[in-house]
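Remarks on the overall topology
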Amino acid sequence: MAWTKYQLFLAGLMLVTGSINTLSAKWADNFVAPGCGGSQEHSFQHPFLQAVGMFLGELFCLAAFYLLLCRAAGHPDTSMDPQQPFNPLLFLPPALCDMTATSIMYVALNMTSASSFQMLRGAVIIFTGLFSVTFLGRRLALSQWLGILATIAGLVVVGLADLLSRNDSQHKLSEVITGDLLIIMAQIIVSIQMVLEEKFVYKHNVHPLRAVGTEGLFGFVILSLLLVPMYYIPAGSFSGNPRGTLEDALDAFCQVGRQPLIALALLGNISSIAFFNFAGISVTKELSATTRMVLDSLRTIVIWAVSLTLGWEAFHPLQILGFLILLMGTALYNGLHRLLLSRLSRGRPPAEEGEHERLLGGPRTAINDAS
């Protein structure tokens, strides 16, 4: 079936905004500017402040939800389902997981390349599958177990490519290893977030934009408050600011004032989060969850190509092999092979229950998986 112009627009919007999200965060990290009090020029390394910006972008989804709600009230013939009452505190545990994982990933992005960052996020499949079996009592199909094994193999290859890429002058080898391990650790937390969302949130049939926005509200408020104690917590060499604290938001604002392009990068991060969540939800509804998975894989290619073009990282052929293995693992876990076999046999693709209606068909991914 041919896609409509609106569906093509949604697919393009998801691909572009998803790529901008990671690229803008990495772009901000590459800027060098003086901070407060006439301090020497240093890199813009403020991962926790960037995470606050990401949650601000998610918060905009809540505003979009209420705009749709007002529109539906004025036009009763719209297709928006009536909203059932629910306790917003249900979103607090997933939001805490999201806040922790996102902060860790932004720290890791300072230490490794954008393409490796995006590829290693595929580790979420491993932990999501294992946690769904352990805590949700699910039984994984053979193809899903094979997908997990393929993902593990792909992660090993990508990690090996990082170890062999010594031409990257921006990052020391120890930083790259630490960054890669932090990304994988963050995926464990994201997997816990997914299990919590499925066990306690999805049964309430909350509108996806409302769910994303509510988690964004919790994350934005809590992490903004945490910036105050972070200003005084010593972090030693782990810190990227002159004061050597866990986060120095004042230093970040001073750097933004002296280098306006940093503000542009942060704005790109915030706005891309909001539009990416909207586009991802709409793609799942208008097309399918499988299409969303394919577009997310294409996002990795775009980020990789742009990073190589801008000279942010060095090319290593092992990354291609690692990406292909990760792609195969994702396809097996999501059941894409069944759809391809059905196409080849000229039969109709098997109907997946609720694939168009559910926010996430097949694999469970975080309700606001856009970092």
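Look up a bit, the structure's there.
About the criteria used
- Residues numbered from 1 in each chain as written.
- Predicted model: local features only at pLDDT ≥ 70, side-chain atom pairs only at ≥ 80, totals over all residues.
- Heavy atoms only, no water.
- Phe/Tyr/Trp six-rings, centres within 6.5 Å; stacked < 30°, edge-to-face > 60°.
- Buried < 20%, exposed > 50% of the residue type's maximum accessible area, 1.4 Å probe, protein only.
- Disulfide = S-S within 2.5 Å.
- Helix = DSSP H or I, 4+ residues; strand = E, 2+ residues; numbered from the N terminus.
- Core = buried A, V, L, I, M, F, W, Y, C linked by side-chain atoms within 4.5 Å.
- Contact = heavy atoms within 4.5 Å.
- Polar contact = N/O pair within 3.5 Å; in protein donor to acceptor, adjacent residues only side chain to side chain.
- Axes fitted to C-alpha atoms, helices over the stretch in contact; angles between N-to-C directions.
- Parallel < 35°, antiparallel > 145°, perpendicular 65-115°, else oblique.
- Left-handed = near helix turned anticlockwise from the far one by under 90°.
- Nonpolar A, V, L, I, M, F, W, Y, C, P; charged D, E, K, R; others polar.
- Salt bridge = Lys/Arg side-chain N within 4 Å of Asp/Glu carboxyl O.

In the structure shown here, the tally under the stated rule is six aromatic pairs. Their ring planes at 55° and their centres at 5.1 Å tell us that tryptophan 27 and phenylalanine 31 sit as a pair that is tilted. By relative accessible area, which is 12% here, phenylalanine 31 ends up buried. Among the aromatic side chains, those forming a connected cluster through ring pairs are Trp304, Phe315 and Phe323.

What follows deals with the state of the cysteines. As used here, a disulfide is simply a covalent bond connecting the sulfur atoms of two cysteines. Within this structure, the stated rule accounts for one disulfide. Linked covalently through their sulfurs, cysteine 36 and cysteine 254 form a disulfide whose S-S length is 1.9 Å. Classification of the bridge connecting cysteine 36 and cysteine 254 rests on its S-S torsion, roughly 90°, and on that basis the disulfide is right-handed. Taken as a pair, cysteine 36 in the loop between strand 1 (32-34) and strand 2 (41-43) and cysteine 254 in helix 9 (residues 249-258) lie far apart in primary sequence, 218 residues in all. Looking at cysteine 36, the relative accessible area reads 30%, which means it is partly exposed. Note on cysteine 254: relative accessible area 21%, which makes it partly exposed.

With that out of the way, let us pick up the side chain of glutamine 187. Among the structural elements, glutamine 187 can be located in helix 7 (residues 173-201). Classification of glutamine 187 as buried rests on a relative accessible area of 2%.

So, on to the nonpolar core. The biggest cluster of nonpolar side chains holds 54 residues, and the ones touching the most others in it are Phe44, Leu223 and Leu227. At nine residues, the largest contribution of residues to this core is made by helix 3 (residues 92-109). The residues touching phenylalanine 44, leaving out its near neighbours within four places in the chain, are Ala28, Asp29, Phe31, Gln50, Ala252, Gln255, Val256, Ile262 and Leu266. Counting nine residues, the second-largest nonpolar core is a separate cluster that includes Leu13, Phe276, Ala279 and Leu287.

Among the secondary structure elements, isoleucine 20 is positioned in helix 1 (residues 5-29). On a C-alpha basis, the gap between isoleucine 20 and phenylalanine 276 in space is 9.3 Å, while along the polypeptide they are 256 residues apart. Setting aside chain neighbours within four positions, we find isoleucine 20 in contact with Gly268 and Ser272.

This paragraph deals with the side chain of glutamine 255. Position of glutamine 255 among the secondary structure elements: in helix 9. Among the polar contacts made by the side chain of glutamine 255, one reaches the side chain of histidine 46 at a distance of 3.0 Å. For glutamine 255, the residues in contact, after removing those within four places along its chain, are Ala33, Pro34, Gly35, His42, Ser43, Phe44, His46 and Ile262.

The next subject is the packing of helix 6 (residues 142-164) against helix 12 (residues 317-334). Geometry of a packed helix pair, given as the angle between the helix axes and the separation of the axes. Packing of helix 6 against helix 12 brings their axes to within 7 Å, and their N-to-C directions diverge by 160°. Comparing their axes, helix 12 and helix 6 come out roughly antiparallel. Both helix 6 and helix 12 take part in a crossing whose hand is left-handed. The class makeup of the residues in the contact of helix 6 with helix 12 is 18 nonpolar, nine polar and one charged.

So, on to the packing of helix 8 (residues 208-230) against helix 10 (residues 260-286). Taken N-terminus to C-terminus, the directions of helix 8 and helix 10 make an angle of 150°; their axes are 10 Å apart at the nearest point. On the basis of their axis angle, the class for helix 8 and helix 10 is roughly antiparallel. In the packing of helix 8 onto helix 10, the handedness of the crossing is right-handed. For the pair helix 8 and helix 10, contact is made by Pro208, Leu209 and Val212 and by Asn277, Phe278 and Ile281, respectively. In terms of residue class, the contact of helix 8 with helix 10 is made up of five nonpolar, one polar and no charged.

What follows covers the pattern of salt bridges. A side chain with one charge may pair with a side chain of the opposite charge, provided their charged atoms come close. The full count for this structure, using the stated rule, is two salt bridges. For the salt bridge of arginine 243 with aspartate 248, the shortest nitrogen-to-oxygen distance reads 3.9 Å. We classify arginine 243 as partly exposed; its relative accessible area is 41%. The salt bridge partner of aspartate 296 is arginine 299, with a shortest N-O separation of 2.6 Å. In this pair, aspartate 296 and arginine 299 are both assigned in helix 11 (residues 289-309), three residues apart and thus about one turn of the helix distant. The class of aspartate 296 is partly exposed, set by a relative accessible area of 24%.

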